[in-house]
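Residue-level structure breakdown
Residues per chain are reported as follows:
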There are 2 protein chains.
Amino acid sequence: MVRLVDVAKRCGVSVATVSKALSDKKDIGEETKEKIRKVCEEMGYFPNSSARTLKIKRSYNLGVLFVAEDDSGLTHDYFSHVLESFRMEAEASGYDITFIYSGQSPDGESLNAPVALRSMSYLERAEYRGVDGVLVACANYYQPEVMELISSNLPVVTIDHSFDHCSSVVSDNVRGMSDLIEFIYDRGHRKIAFIYGNNTSVTQNRIASYYRSLEERGIDPPDQYVRSAVYRNPKPSYDITLELLDLKNSPTCIIYPDDYACIGGLNAIKERGYRIPEDISVAGYDGVYISQILEPRLTTLRQNTEEIGRKAARKLISQVENPKTAIIEKIIVPGRLLEGGSVGILRS
Amino acid sequence: MVRLVDVAKRCGVSVATVSKALSDKKDIGEETKEKIRKVCEEMGYFPNSSARTLKIKRSYNLGVLFVAEDDSGLTHDYFSHVLESFRMEAEASGYDITFIYSGQSPDGESLNAPVALRSMSYLERAEYRGVDGVLVACANYYQPEVMELISSNLPVVTIDHSFDHCSSVVSDNVRGMSDLIEFIYDRGHRKIAFIYGNNTSVTQNRIASYYRSLEERGIDPPDQYVRSAVYRNPKPSYDITLELLDLKNSPTCIIYPDDYACIGGLNAIKERGYRIPEDISVAGYDGVYISQILEPRLTTLRQNTEEIGRKAARKLISQVENPKTAIIEKIIVPGRLLEGGSVGILRS
DNA sequence: CAGTGTAACGAAAACGTTTAAGATATGTCA
DNA sequence: TGACATATCTTAAACGTTTTCGTTACACTG
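Notes on the structure follow. Source: prediction; values computed, not measured.

1. Side note on the overall build of chain A
Each helix and strand counted, chain A has twelve helices and twelve strands in total. The dimensions of chain A, computed from C-alpha atoms along their principal axes, are 90 × 45 × 35 Å. When the 348 residues of chain A are sorted by exposure, 56% land in the buried category. The contacts in chain A between residues at least 6 apart in sequence include a share of 68% that link residues at least 24 apart. For chain A, the computed accessible surface area is about 15,100 Å², with 48% contributed by carbon and sulfur atoms. Counting 42 positive and 48 negative side-chain charges, chain A places the averaged centre of each group 5 Å from the other.

2. Quick notes on the interface of chain A and chain B
Accessible area lost on assembly of the parts is the figure often given for the size of an interface. Counting from both sides, the interface comprises 70 residues of chain A and, opposite them, 69 residues of chain B. Here chain A and chain B share four salt bridges between them. Here Arg-129 of chain B makes a salt bridge to Asp-96 of chain A, at a shortest N to O gap of 2.5 Å. Secondary-structure elements contributing two or more residues to the side of chain A that touches chain B are helix H4 (49–56), helix H5 (77–92), strand S2 (96–100), helix H6 (122–129) and helix H11 (259–271) of chain A. Along the lines of polarity and charge, the residues of the side of chain A that touches chain B split into 31 nonpolar, 23 polar and 16 charged.

3. Examining the nonpolar core
Counting residues in each nonpolar core, the largest one holds 90 residues, and the members touching the most others are Phe-86 and Ile-159 of chain A together with Phe-86 and Ile-159 of chain B. Discounting chain neighbours no more than four positions away, the residues touching Ile-159 of chain B are Phe-79, Val-82, Leu-135, Val-136, Ala-137, Tyr-141, Val-169, Ile-308 and Ala-312 of chain B. Within the second largest apolar cluster, 82 residues are counted, among which are Ile-184, Tyr-225, Val-226 and Ile-263 of chain A.

4. So, the environment of Arg-206 of chain A
All names here are of chain A. Secondary-structure assignment places Arg-206 in helix H9 (residues 201–216). For Arg-206, a relative accessible area of 4% gives the class buried. Between the alpha carbons of Arg-206 and Arg-187 there is a distance of 20 Å; along the sequence they are 19 residues apart. Aside from chain neighbours lying at most four places away, what touches Arg-206 is Asn-173, Met-177, Phe-194, Tyr-231, Pro-257, Tyr-285, Asp-286 and Gln-303.

5. A few points about the packing of aromatic side chains
Residues and elements named next belong to chain B. Enumeration over the complete set of coordinates arrives at 19 aromatic pairs over all chains. Judged by centre distance (5.4 Å) and plane angle (65°), the ring pair of Tyr-210 and Tyr-211 falls under edge-to-face. Here Tyr-210 falls in the buried class, since its relative accessible area comes to 0%. In this structure Tyr-211 comes out as partly exposed when scored by relative accessible area, which is 32%.

6. Focus: the relation of the copies chain A and chain B
Placing chain A over chain B gives an RMSD of 0.1 Å and needs a rotation angle of 180°, together with 0.0 Å of translation along the axis. Viewed as a symmetry operation, the transformation between the two copies matches a two-fold axis. The residues that chain A uses at the interface reappear at the interface of chain B in 99% of cases, marking a shared surface.

7. Points about the protein's contact with DNA strand C
Taken together, 26 residues surround DNA strand C, and among them Ser-19 and Arg-52 of chain A together with Thr-17, Lys-20 and Gly-29 of chain B come closest. Put simply, 62% of the atoms of DNA strand C that lie within 4 Å of the protein are in sugar or phosphate. Asn-48 of chain A is positioned with one of its backbone polar atoms (N or O) 3.4 Å from a phosphate oxygen of DNA strand C. Elements supplying a minimum of two residues to the surface near DNA strand C: helix H2 (15–22) and H4 of chain A together with helix H2 (15–22) and helix H4 (49–56) of chain B. Looking at the surface near DNA strand C residue by residue, the classes come out as eleven nonpolar, six polar and nine charged.

8. What to know about the pairing of strand S6 (residues 192–196) of chain B
Residues and elements named next belong to chain B. The buried fraction of S6 amounts to four of the five residues, a majority that puts the element mostly inside the structure. Of the strand pairs in this sheet, S6 and strand S8 (residues 253–255) are connected by three bridges, and their pairing is parallel. Counted as the bridge partner of Phe-194 is Ile-255 from S8. Pairing of S6 with strand S7 (residues 226–228) involves three bridges; the strand directions are parallel. Each bridged residue has a counterpart across the sheet, and for Phe-194 the counterpart in S7 is Val-226. Once you follow S6 into helix H9 (residues 201–216) and on to S7, the crossover reads as right-handed.

9. Overview of the sheet that holds strand S6 (residues 192–196) of chain A
Residue and element names in this part refer to chain A. In space, the four strands of this open sheet follow the order S7-S6-S8-S9, with parallel pairing throughout. Here the strands that pair on one side only, and so sit at the sheet edges, are strand S7 (226–228) and strand S9 (281–283). On average, each strand axis in the sheet is inclined to that of its neighbour by 20°, with strand direction left out of account. In the packing of helix H10 (residues 234–246) onto the sheet, the strands contacted are S6, S7 and strand S8 (253–255), and the crossing angle to S6 comes to about 155°.

10. Notes on the sheet that holds S8 of chain B
All names here are of chain B. On the basis of which strands lie adjacent, the open sheet formed by four strands has the order S7-S6-S8-S9 and parallel pairing. Each edge of the sheet is formed by a strand with only one pairing partner; in this case those strands are S7 and strand S9 (281–283). Across the sheet, the mean angle separating the axes of adjacent strands is 20° when strand polarity is ignored. Strand contacts of helix H8 (residues 173–186): S6, S8 and S9, with the helix running at about 170° to S8, the strand carrying the most contacts. Against the sheet, helix H10 (residues 234–246) contacts S6, S7 and S8, and its axis sits at roughly 155° relative to S6.

11. Brief notes about H4 of chain B
Regarding H4 of chain B, the residues found buried are Ser-49, Ser-50 and Thr-53 of chain B. One face of H4 of chain B carries all of its buried residues, which in axial projection span an arc of 100°. Residues of H4 of chain B that are buried make contact with H4 and H6 of chain A. The N-capping residue of H4 of chain B, defined by a side-chain oxygen 2.8 Å from the backbone nitrogen of Ser-50 of chain B, is Asn-48 of chain B. Phi turns positive one or two residues past the end of H4 of chain B, at Lys-57 of chain B, with a value near 60°.

About the cut-offs
- Residues numbered from 1 in each chain as written.
- Chains lettered and ligands numbered in written order.
- Predicted model: local features only at pLDDT ≥ 70, side-chain atom pairs only at ≥ 80, totals over all residues.
- Heavy atoms only, no water.
- Helix = DSSP H or I, 4+ residues; strand = E, 2+ residues; numbered from the N terminus.
- Buried < 20%, exposed > 50% of the residue type's maximum accessible area, 1.4 Å probe, protein only.
- Contact = heavy atoms within 4.5 Å.
- Areas by Shrake-Rupley, 256 points an atom, 1.4 Å probe, with all protein chains shown as cover.
- Lys, Arg positive; Asp, Glu negative; His and termini not counted.
- Charge placed at Lys NZ, Arg CZ, Asp CG, Glu CD.
- Salt bridge = Lys/Arg side-chain N within 4 Å of Asp/Glu carboxyl O.
- Nonpolar A, V, L, I, M, F, W, Y, C, P; charged D, E, K, R; others polar.
- Core = buried A, V, L, I, M, F, W, Y, C linked by side-chain atoms within 4.5 Å.
- Phe/Tyr/Trp six-rings, centres within 6.5 Å; stacked < 30°, edge-to-face > 60°.
- Least-squares fit on C-alpha atoms with pLDDT ≥ 70 in both.
- Near = heavy atom within 4 Å.
- Polar contact = N/O pair within 3.5 Å; in protein donor to acceptor, adjacent residues only side chain to side chain.
- Pairing = 2+ DSSP bridges.
- Right-handed = clockwise from strand over helix to strand, strands pointing away.
- Axes fitted to C-alpha atoms, helices over the stretch in contact; angles between N-to-C directions.
- Arc of directions from axis to C-beta.

This is how it looks when you write it as structure tokens:
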């Protein structure tokens, strides 16, 4: 590793001069700067981020806290897309990304681990690594550890959940659901069931929007039409779909918690020998890749994960760089309806 | 942030003593150690990783280089599972994870970025952040930048590609393909087509194993049965499937590059009005989640992503911690055949 | 009692930066 | 010409650790 002192020697100046030249301070002569830059290039100099972080207390490193409900972690379709986009935007601004997790090893037995690495909380971990800010994407925002992090004075941006003391980027679930209902209603459906996922604010918004959108159209769905299932899990949706199909007054369209759960429904429907969309219509949510390569393509609401990730990165970075002036706000990102072919036109 | 000097004052000892007590050196008295540990706990002391890294030149941080062919990055199903498992294992050993990427921002215009952040190569980035080792999972291992990293003296473990000067963890594609062929053959199929993906060593191994497994059974597949498509892309597989179905001597079973591509095939088959597995059989590869919730479940070869990620982490960490004695090796991880229901029994 | 060994701790340098404060030379102005 | 401002560079302290090398006190040995 070539250090400041190496290029200083080569240039015949002090390390301070080199340091200041590189950060373009105005008390260094222009031709000196030029020469230093040239030599740095030649020697392949790069600053040592640890030394730099230690001194200026800015690491240009962002933490990412990712705890999905089912431990799916990175493999979660929605979150991984958000993260990828977040990563790219952060990258473009010169930030690196480090995962944050509590260091509670199974046995506390990390033999070679750094000194005193008893389990840390998320916040402690973030401080230990000196990250400048943290992106929190997490199913259960009310864990004490998560709350501690969010309530700290570290810049934090949350995804799909809002607190009043930190910024958030949320997918517009209210609008998403109403778009879906509108589309389905316009195709003649009146008996629309909704199977929803785990209890989160996302789910609550979708349920509220479902009821409101129907109400606006003079529809009061029976209780049996609104059922609880599990995100990304086809089995509960499969079971409930069978029950819905067996109702005396069965729905003509079923909305699922997400595209994966929807596939459980598809299987139930096929099993009963019904065709989609001729005999019954279905709609998913998320618009994951798979939903658009199935036949028929799913009618679903694609959440704009790129935009969510990008805006989250921008917001977080702006908070890091302008701690005084950055505004705490809730950024709502609309999705887009993918028509697919799983919702049929109903005439009767 | 509470520092060493803070707990030193509180304990009435020097910082050196505290530092040594925490790393359990033998030249500190037992009761002193006990007291220091207690005070650290009370005050919530954690070391500053930057200072520590700067001094000891070990960051307890691992880099991850992820470049998929199609820029899917983290959203790549196979890699994201490997990474998740890698992360968990690293976490259990007290290591954090940071993404490595070249810092070439679109315009080189990261105004607030650290000093002199012109674009760095992967290696430079890794050195800049001081990571102890790097996991490389990447489609194109022959990019100069990737080669530079792999050829450096930084500990590196590669996934699904082997070089003789660094360790690798690879999925057993030879065995995987032969297991698949064996299963299909045993169910009576003799006309087995193989649509393969992009040209990588993984693909080459599968192709070779396909030919060899058939040869062992006295089968010499016609050239039209072995076709080139694209990983994770249903369209080419769709097109080729139609062509295969239209052959005079059409196959009774088609093996696809992966489960996603297989879905393209499924659509083609449905379009022709054939049933699976009654009229034609199909097999995927990977065993992704979606493949097991479709109806019929895909017959596919599940790659053991957890094991691959875990072994990669163990290997990398062992190389980091025992630079002298760690063995450079190629670790081969077998997959497991998932029977599914997409390969039927052929009698004639 | 002089010498030696050992246990327990501290002083200080070092890691590679940044930056406040100081130093030097040069130009400007009254 | 002396005072002062300005431009350019250097010195040195600081960031929070780790670790080498002392130092001190004490016990033991012959």
